[in-house]
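Secondary and tertiary structure notes
This is what each chain is made of:
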Amino acid sequence: MKSKEDAEEAVQSVFLKMLEVKVNFESQEVLRAYLYRSVYHTCLNSIRSKTRQINREDFYQSQIDPDEQPYLNNMLRAELTAILSRELTFLPKIQADIIKLSYFEELSNDEIAARLDLSLQTVKNYKHMGLKSIRKRFSRDSAFYTFITFLINFV
């Protein structure tokens, strides 16, 4: 494994599987062999999975014309901005103001707190509540729902 965290995650995964299955081992040697093989295969599966993911991302990037990428990003950003602007009309004013300052003026939470004379935690709470309210208005299958969920996770 390339990192200590990945290795620890593999070992933890094996132990969790052992707890779920509740296997009894005849001896310590059998347990040791089981743990070694299980961790070995879990690491291999993880490496294969990451390799497949990298290959998919590389393939996707190779399919996009480099000249079109900024255009597509700008078009997507404009569309998301328009949808977000429309949805802000359904929020309480303070939540809408905080989201506007954060995503349209690209201010940090600290800057928003200073500008609106609020605590940092209050800004985070209002932003989270506002994005959550917007997310509720979309179906789970929509791309905008995914986008809002992504934003909520990084508030």
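My aim in this report is to walk through the structure given alongside it, one point at a time. (Residues numbered from 1 in each chain as written. Predicted model: local features only at pLDDT ≥ 70, side-chain atom pairs only at ≥ 80, totals over all residues. Heavy atoms only, no water.)

1. Comments concerning the environment of Ala113
- Along the chain, the position of Ala113 falls in helix α5 (residues 109-116).
- For Ala113, a relative accessible area of 8% corresponds to the buried category.
- Here the alpha-carbon distance between Ala113 and Val123, two residues 10 residues apart in the chain, equals 6.1 Å.
- Ignoring sequence-local partners within four residues, the contact set of Ala113 consists of Leu118, Ser119, Leu120 and Val123. (Helix = DSSP H or I, 4+ residues; strand = E, 2+ residues; numbered from the N terminus. Buried < 20%, exposed > 50% of the residue type's maximum accessible area, 1.4 Å probe, protein only. Contact = heavy atoms within 4.5 Å.)

2. A word on unusual backbone geometry
- For Glu106, which is not a glycine, the phi torsion comes out positive at approximately 55°.
- With respect to the element layout, Glu106 can be found in the loop between α4 (93-104) and α5.

3. Here we look at the nonpolar core
- By size, the foremost hydrophobic cluster in this structure holds 11 residues: Ile83, Leu84, Leu88, Leu91, Ala96, Ile99, Leu131, Ile134, Phe138, Tyr145 and Ile148.
- Per-element accounting of this core gives the leading share, three residues, to helix α3 (residues 69-88).
- Those residues within four positions of Ala96 in sequence are excluded, and the remaining contacts are Leu88 and Leu91.
- By size, the runner-up hydrophobic cluster in this structure holds six residues, among which are Ile98, Leu101, Ile112 and Ala113. (Core = buried A, V, L, I, M, F, W, Y, C linked by side-chain atoms within 4.5 Å.)

4. What to know about the packing of α4 against helix α6 (residues 120-136)
- With their axes 9 Å apart at the nearest point, α4 and α6 run at an angle of 95° to one another. Taken together, the axis directions place α4 and α6 in an arrangement best described as roughly perpendicular. Each of Ile94, Gln95, Ile98, Ile99, Ser102 and Tyr103 in α4 lies in contact with α6, whose residues at this interface are Val123, Tyr126, Lys127, Met129, Gly130, Leu131 and Ile134.
- Residues belonging to the contact of α4 with α6 are distributed by class as follows: nine nonpolar, three polar and one charged. (Axes fitted to C-alpha atoms, helices over the stretch in contact; angles between N-to-C directions. Parallel < 35°, antiparallel > 145°, perpendicular 65-115°, else oblique. Nonpolar A, V, L, I, M, F, W, Y, C, P; charged D, E, K, R; others polar.)

5. Looking at the pattern of salt bridges
- Throughout the structure, instances matching the rule amount to six salt bridges.
- Note that Asp97 and Lys93 form a salt bridge whose closest N and O atoms lie 2.8 Å from each other. Here Asp97 pairs with Lys93, and both are found in helix α4, just four residues apart, close to one helical turn.
- Connected via shared salt-bridge partners are Arg86, Glu87 and Arg137. (Salt bridge = Lys/Arg side-chain N within 4 Å of Asp/Glu carboxyl O.)

6. Digging into the side chain of Glu87
- Residue position: Glu87 is located in helix α3.
- Among all residues touching Glu87, those that are not within four sequence positions of it are Ile134, Arg137 and Phe138.

7. Concerning the packing of aromatic side chains
- Counted under the stated rule, the structure contains two aromatic pairs.
- Taken together, a centroid distance of 5.1 Å and an interplanar angle of 45° make the contact between Phe25 and Tyr34 tilted.
- Aromatic side chains Tyr36 and Tyr40 sit 6.3 Å apart centroid to centroid with 15° between the ring planes, which places their arrangement in the stacked category. Of this pair, Tyr36 and Tyr40 both sit in helix α2 (residues 28-63), separated by four residues, roughly a single helical turn.
- Classification of Tyr36 by relative accessible area gives exposed; the value is 56%.
- The ring centre of Phe90 lies 3.8 Å from the NZ or CZ of Arg137, which sits over that ring. (Phe/Tyr/Trp six-rings, centres within 6.5 Å; stacked < 30°, edge-to-face > 60°. Lys NZ or Arg CZ within 6 Å of the ring centre and 35° of its normal.)

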